[in-house]
Amino acid sequence: MEIREELIRYIEREIIPRYDSFDRAHGRDHVRQVMTRATELAARLGADIETAYVAAAYHDTGLAKGREHHHEASARIIRSDAALRRWFTEDAIDTIACAAEDHRASASRPPRTIYGKIVAEADRAIDPETIIRRTVQYGLAHCPELDREEHLRRTLDHLREKYGEGGYLRLWIEDSPNAEPLQRLRRIIGDTDRLRTLFEAAYAAETATRKP
């Protein structure tokens, strides 16, 4: 199934630009990657590609209302967007909203539908170098008062809490493409020297782009 051109134009014109106001870890590059992975997963699983595409496009729009409850705000944005009714039924819009709401890694329960699992998996694409760089980007944006060593400790604490053995991140799809990269990331988390090398590279690149 192809995504309708009119829907693509709407998402590109009205939704993607919203990500320009978020931190660099949640900008246009991030949402486009999630959209691509979500549609690929939907095709692989035999799910509706348009539903996955739209849920992925909106999944972080709620960041405009703050980080803590952004997943709930994203769901409200979807339900209140009258334009979506050009392409989707009320039931379909509810499915899209639930998928966006259920994508958060720290959620205490599994996603309610396959689309929530798809967006959650797409949002979790685990490339160790990218994960470390995005963690540094978030830290620089939200904790600018920290020095380099404090950013390193914050990065390590976050990686252990989210991705480490016993961390809160869960993979919801059988044979998840994230399973092997997650094991690779866990090996890096356990290798202090390797982690510092990757952190230093990301920190240098990100701080260089912030200099006048």
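It should be noted that the structure appears before, not after, this text.
Please read all numbers here as calculations on a predicted model, not as lab measurements.

Rules used in this analysis
Residues numbered from 1 in each chain as written. Predicted model: local features only at pLDDT ≥ 70, side-chain atom pairs only at ≥ 80, totals over all residues. Heavy atoms only, no water. Core = buried A, V, L, I, M, F, W, Y, C linked by side-chain atoms within 4.5 Å. Buried < 20%, exposed > 50% of the residue type's maximum accessible area, 1.4 Å probe, protein only. Helix = DSSP H or I, 4+ residues; strand = E, 2+ residues; numbered from the N terminus. Contact = heavy atoms within 4.5 Å.

1. As for the nonpolar core
Piece 1. Judged by nonpolar contacts, the single largest core of 42 residues is most densely connected at Ile-11, Tyr-58, Phe-88 and Ile-118.
Piece 2. For this core, the element with the most residues is helix 3 (residues 49–58), which contributes 8 residues.
Piece 3. In this structure, Ile-11 is in contact with Ile-16, Pro-17, Met-35, Tyr-53, Ala-57 and Tyr-58, ignoring residues within four places of it in sequence.
Piece 4. Residues Leu-152, Ile-188, Leu-195 and Tyr-203 belong to the second largest nonpolar core, which totals 19 residues.

2. Some details on unusual backbone geometry
Piece 1. In this structure, Asp-175 is a non-glycine residue whose phi angle is positive, near 55°.
Piece 2. The residue Asp-175 is located in the loop between helix 8 (148–163) and helix 9 (179–189) in this model.
Piece 3. Accessibility expressed as a relative area gives 66% for Asp-175, which makes it exposed.

3. Description of helix 6 (residues 114–123)
Piece 1. Burial of helix 6 is extensive: 8 of the 10 residues sit out of reach of the surface.
Piece 2. All of the buried residues along helix 6 are Tyr-115, Gly-116, Ile-118, Val-119, Ala-120, Glu-121, Ala-122 and Asp-123.
Piece 3. Buried residues belonging to helix 6 abut helix 2 (28–45), helix 3 and helix 5 (90–101).

4. Topic: helix 4 (residues 70–80)
Piece 1. Those residues of helix 4 lying buried are His-70, His-71, Ala-73, Ser-74, Ala-75, Ile-77 and Ile-78.
Piece 2. Taken together, the buried residues of helix 4 touch helix 3 and helix 5.

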